[in-house]
Amino acid sequence: MNKRKIPFGTIVITEKAKKLIDEILQTNRVSQGKYVKEFEEKFAELIGSKYAVSVSSGTDAVALALSVMYDYGAKRGDEVILPSLTFIGTANAVLMAGFKPVFVDVELKTLNINPEKIEEKITEKTKAILVVHLMGKPAKIDKILKIAKRYNLFLIEDAAEAHGAKYRDRYVGTFGDMGCFSTYVAHIITTIEGGIVITDNKDYAEILRSLRAHGRACKCEVCVLNTSSNYCKKRFKYGRDIRFVFERVGFSSKMNEIEAAIGLGNLEIYEEIIEKRRRNFFKLKEIFKEFEDYFYTIDEDKDEKLGPHAFPFILKESCKFKRDQLVNFLNENGIDTRDLFSSIPTQTPGYKFLGYKKGEFPVSEYIGNNGIHIGVHQEITDKDIEYIEEVIKNFLKIYG
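## Structural notes on the overall build of the protein chain
Looking only at helices and strands, the protein chain features 13 helices and 16 strands. Taking 21 Å as the expected radius of gyration for a compact globule of 400 residues, we find that the protein chain reaches 22 Å, a close match to that expectation. Taken over the C-alpha atoms alone, the protein chain extends approximately 75 × 55 × 35 Å along its principal axes. Looking at the protein chain, you have 61 positive and 58 negative side-chain charges, and the mean spots of the two groups are 4 Å apart.

## Observations concerning unusual backbone geometry
The phi dihedral of Asn28 falls on the positive side, at around 65 degrees, and the residue is not glycine. Locating Asn28 in the fold gives a position in the loop between helix 1 (15-27) and helix 2 (34-47). For Asn28, a relative accessible area of 67% puts it in the exposed group. Positioned with a positive phi, Asp303 is a non-glycine residue whose angle comes to about 75 degrees.

## Describing the pattern of salt bridges
Close approach of charged atoms lets side chains of opposite charge pair. Counted according to the given criterion, the structure contains 27 salt bridges. Here Lys42 and Glu38 are joined by a salt bridge, their closest N and O atoms 2.9 Å apart. Separated by 4 residues within a single helix, Lys42 and Glu38 lie in helix 2, roughly one turn from each other. You can call Glu38 partly exposed: its relative accessible area is 24%. The closest approach of N and O atoms between Lys393 and Glu290, which form a salt bridge, is 3.3 Å. Of the two residues, Lys393 is situated in helix 13 (residues 382-399) and Glu290 in the loop between helix 9 (270-287) and strand 11 (295-297); the sequence distance between them amounts to 103 residues. You can call Lys393 partly exposed: its relative accessible area is 35%. Within the structure, one salt-bridge network assembled from shared partners comprises Asp71, Glu247 and Arg248.

## Things to note about the nonpolar core
Counting residues in hydrophobic clusters, the biggest one holds 42 residues, and the most contacted among them are Phe295, Phe313 and Leu326. Going through the elements one at a time, helix 9, strand 13 (311-315), helix 10 (323-332), strand 16 (371-374) and helix 13 are the ones with two or more residues in this core. Considering each element in turn, this core owes the most residues, 7 residues, to helix 13. The contacts of Phe295, once residues within four sequence positions are left out, are Phe288, Phe313, Ile314, Leu315, Lys316, Phe321, Leu326 and Ile392. Ala61, Ala128, Ile156 and Ile207 belong to the second largest nonpolar core, which has 35 residues in total.

Thresholds applied
- Residues numbered from 1 in each chain as written.
- Predicted model: local features only at pLDDT ≥ 70, side-chain atom pairs only at ≥ 80, totals over all residues.
- Heavy atoms only, no water.
- Helix = DSSP H or I, 4+ residues; strand = E, 2+ residues; numbered from the N terminus.
- Rg over C-alpha atoms; globule rule 2.2 N^0.38 Å.
- Lys, Arg positive; Asp, Glu negative; His and termini not counted.
- Charge placed at Lys NZ, Arg CZ, Asp CG, Glu CD.
- Buried < 20%, exposed > 50% of the residue type's maximum accessible area, 1.4 Å probe, protein only.
- Salt bridge = Lys/Arg side-chain N within 4 Å of Asp/Glu carboxyl O.
- Core = buried A, V, L, I, M, F, W, Y, C linked by side-chain atoms within 4.5 Å.
- Contact = heavy atoms within 4.5 Å.

Here it is as structure tokens:
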């Protein structure tokens, strides 16, 4: 067996992006400007939303979306319900926004929040449900929407890893009040670092533009595209320079022109990227049928389309080997791996202050101890997939 190197992620910087970057550098206008606006417009058009507001990370996307709620009566310390198993950025964003995270266990077969356990966590202080579409697998959005409407709660979608995922022919991120995406380097649409929030609500979009600029009063197009507000008709609305009037507590969270240029290049090849990732995911899925005695994996269920971030699999209870043994074997053979996150309230040291005890989130904790994911990105070839199959077979001959 000839050893191969299969990294977890990749990035594509297209020729269009390189040309735009050259142009941007020539103009010396590298902070937020016309290309950020173009990226927002094209992203919104792709996903099917009216507005898109770019920010500096997927975590900031969630934090700003949650912070919109302060304009609608939320108070600091109010509660947000979210899954106990997700990337740490989701929970960090809740704290960044000034809210208390209230965790709900996930389902083993979907990796997503268990809708049957949400209502028992709702209190008078609950203001939102923050649903995550983990690994590009749509959560059970119909059931969650009904709960949000029943209790008059905001529904925020964390679709950081779920570019291209659909439920009933609608992109995830378009079902709730706002949808949040990461454009980090390992994701399907990338700006290297970055994030974006989509919404159909004009008022939410204006508040988001304010929040990303320290809570600045003016969110009009002139001020978005020109750091000098001298041209703004609203400049003296408050009787003084509106650039230094702040209507709300905000963030410093803007995307820059170079990041937007890379994003615009990625949008041009989006369909190609998503189809290659889906092809690789389902080839691995077919191969893993050989290993069904050892691993759980996720499925593409009726009415949904996966937007694969990676290929997750979880050791079954009957396995004689440990996750670390498999991870070490894969890594030694050039296959890059990642653990499948952790139960945030009970397996993440930084969240001990919330007082949760091990055993409160059994499914999340099981996945946290036994879950792995490997790449399905567009540069992975059929030969790579055959190699992954061969390596796992060799491992199981030794340890299975």
